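Survey of secondary and tertiary structure
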Amino acid sequence: MEVKVTTEKIVHICGYDSSFRQAWNNFLDHAKNASFLFHRDYMEYHADRFNDCSIVACNENKKIMALFPANLTTDNTVVSHQGLTYGGMVVDKEEKLRDMIVFFSEILKHYHQKGIDKLIYKEIPAIYNNIPSDEMQYIFFILGARLFRRDAGAVIKIAERFSYQRRRLSAMKNARKIGVEIRQDNDFDIFWNGVLEPNLQLRHGVRPVHSVEEIKLLHSRFPDKIKQFNAYYHGEIMAGVTIFEMDKIARAQYTSGTSEGRKNGSLDLLFDTLISEVYPCKDFFDFGNSNENDGLVLNLGLLDWKEGLGARTYSQNFYEMNTADYVRLEHLISQ
C-alpha cells in the first residue's frame, strides 16, 4: 500500500522480514528516539517467545523513514513490544508532525487490514529521546487512545542532581570505612546466582526477565552497552547492578543486594560510584520504575531509597487504541 505525505514523499508500509535487517539496524544510528534495544540482535535473542509483526515504512526509493517494533499476541493484539522495556514508532530526526501522523495512520491501517483490531503502545519515555519528540502524544489525543497504565520511574539529572539523604551518606561512609570494593567485572553469574535470583524468588516469587545465559549472550553482542558492576566485602558479593547504557542515559536494568550488603552500605556505595565516577558525563541516570501490578502498586520503600540518592519521578505511559481509528488521522491531514 502507499500514500502521499507531501508532493515529494510516498510511503510504503511493509511487514518486517530478514531482508530489512541491515537497513533496520543502520536506521537506528540516526533516529531521534532509538536505542540498542531496537537492534535486531537484541530483539531476536528471544524471537522464539514472540510472534514478530514489526513494520518498516519506506519512501519511493526504498529508504526507511520509520520503524515500528512489535509483536502479535495470542489474542490477536499488536504490542510495541512485549519483549522490550519500551517500544513505539522510531523515526528519523528530520521527520515532522504531519509525516508522523501519516506514518502511524498507515501502520494502523496495515494492521486493521490484516484483521487485527487492537494495538497496545508502550511509550518511549521522553528522557530517552535525543530531541523533543512528543508527536505521538498528539496522535494519541486525536485517536482517542486510552491510557490504561502509567509507571513511575525514578531518574537523576546528573548535572543538577540533589544532595544525598543523610542516611544514604552515612551508609556510603560506612561502606568505605570497612573497605567495600566496587568493580566492573562483568561477572553476571555471581550476581544472578548469588543475589538477584534468590532475592526475586524470596520477595516476589519470580525470576528475572533475562536468564543469566541470556544476559551473557546479550553482553557478548553489546559489550559497550550492557555492563555488570558488583560490590564486594572480604571477597564476598554484597550487591550488583546491571547497566544498560544509552547515548545520554545509564539505566539500572537490574539492581539487588544481599541483606548484609544493604545493611553495610555496599548498595549505596555502588550507586554513588556509578553516578559520581562512572557516568558523570551522562545526562541522566535511570533507576527504572518502582511499580507492581501494572503501575497500580507503588513500592514506597524502594522509591524512598531511590529518592534518597537524588532521583525524581518521570512517567512511562501505556496506551490502547483501535486500529480502525486510523480514519481519524486520515481525516486530520486531509482537511
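Quantities reported herein were computed from a predicted structural model and do not represent experimental measurements.

**Things to note about the overall build of the protein**
Each helix and strand counted, the protein has 11 helices and 18 strands in total. Overall size of the protein, expressed as C-alpha extent along the three principal axes, is 70 × 35 × 35 Å. Across the 335 residues that make up the protein, the buried fraction comes to 54%. Long-range contacts, defined as pairs at least 24 residues apart, comprise 73% of the intrachain contacts of the protein with a sequence gap of at least 6. Taken as a whole, the protein presents about 15500 Å² of accessible surface, with 48% of it coming from carbon and sulfur.

**A closer look at the sheet that holds strand β12 (residues 226–233)**
Hydrogen bonding along the main chain pairs the strands of a sheet, whether they run parallel or antiparallel. Across the sheet, 11 strands lie side by side as β3-β6-β7-β9-β18-β10-β15-β14-β13-β12-β11; this open sheet has mixed pairing. Two strands in the sheet have a free side with no partner beyond their single neighbour: β3 (51–52) and β11 (181–184). With 7 bridges connecting them, strand β13 (residues 236–245) and strand β14 (residues 249–257) associate as antiparallel partners. Bridge pairing in β14 places G240 opposite S256. Across the sheet, helix α3 (residues 97–113) lies against β7 (77–80), β9 (118–122) and β18 (312–322), angled at about 135° from β9, the strand it touches most.

**Notes on the environment of F284**
Relative to the helices and strands, F284 resides in strand β15 (residues 284–289). For the pair F284 and S170, spaced 114 residues apart in the sequence, the C-alpha separation amounts to 24 Å.

**Regarding the layout of surface pockets**
Here the second largest pocket defines a volume of roughly 360 Å³. In terms of lining, the second largest pocket is formed by 19 residues, of which the most central are L28, A34, S35, F36 and D247. Broken down by class, the residue content of the lining of the second largest pocket amounts to 9 nonpolar, 4 polar and 6 charged.

**Regarding unusual backbone geometry**
Following S80, the chain continues to H81 via a peptide bond in cis, the omega torsion being 0°. Structurally, H81 is set in the loop between β7 and β8 (90–91). Although it is not a glycine, K62 sits at a positive phi angle of roughly 70°. Considering the arrangement of structural elements, one finds K62 in the loop between β4 (55–58) and β5 (64–68). Given the relative accessible area of 74%, K62 is considered exposed.

**A closer look at the confidence of the model for the protein**
Mean pLDDT over the protein: 93, with 97% of residues reaching 70 or higher. Counting contacts from residues 1–8, a segment whose pLDDT is below 50, to residues more than four positions away or on other chains yields 25 contacts.

**Observations regarding the pattern of salt bridges**
A complete count under the given rule lists 25 salt bridges for this structure. Among the ionic pairs, K109 bridges to E330, the shortest N-O distance being 2.6 Å. Of the two residues, K109 is situated in helix α3 and E330 in helix α11 (residues 326–334); the sequence distance between them amounts to 221 residues. Of the residues examined, E330 reaches a relative accessible area of 27% and is grouped as partly exposed. In this structure, the salt-bridge partner of E245 is K282, at a minimum N-O distance of 3.5 Å. Here E245, found in strand β13, pairs with K282, found in the loop between α9 (266–278) and β15; they are 37 residues apart in sequence, far enough to count as distant.

**Some points on helix α10 (residues 300–308)**
Along α10, the positions that sit buried rather than exposed are L303, W305, K306 and G308. Tucked inside the fold, the buried residues of α10 contact β10 (146–157), α5 (166–178), β14, α9, β15 and β17 (297–298). Directly after α10, the chain includes G310, whose backbone phi takes a positive value near 105°.

**Points about the nonpolar core**
By size, the foremost hydrophobic cluster in this structure holds 42 residues, and its most contacted members are Y42 and I226. Counting residues per element, this core draws most heavily on helix α6 (residues 188–204), at 5 residues. Once you skip the residues sitting within four places of it in the chain, I226 turns out to touch F36, Y42, F188, I215, L218, H219, T242, I243 and F244. One finds A70, L108, I139 and A145 within the second-largest nonpolar core, a separate group that totals 33 residues.

Here is what the cut-offs are and how they apply
Residues numbered from 1 in each chain as written. Predicted model: local features only at pLDDT ≥ 70, side-chain atom pairs only at ≥ 80, totals over all residues. Heavy atoms only, no water. Helix = DSSP H or I, 4+ residues; strand = E, 2+ residues; numbered from the N terminus. Buried < 20%, exposed > 50% of the residue type's maximum accessible area, 1.4 Å probe, protein only. Contact = heavy atoms within 4.5 Å. Areas by Shrake-Rupley, 256 points an atom, 1.4 Å probe, with all protein chains shown as cover. Pairing = 2+ DSSP bridges. Axes fitted to C-alpha atoms, helices over the stretch in contact; angles between N-to-C directions. 1 Å grid on protein atoms, 1.4 Å probe; cavity = no way out; pocket = protein on both sides within 12 Å on 5 of 7 lines; lining within 4 Å. Points joined across faces, edges and corners; volume = space filled by probe spheres on them. Nonpolar A, V, L, I, M, F, W, Y, C, P; charged D, E, K, R; others polar. pLDDT = per-residue confidence, 0-100. Salt bridge = Lys/Arg side-chain N within 4 Å of Asp/Glu carboxyl O. Core = buried A, V, L, I, M, F, W, Y, C linked by side-chain atoms within 4.5 Å.

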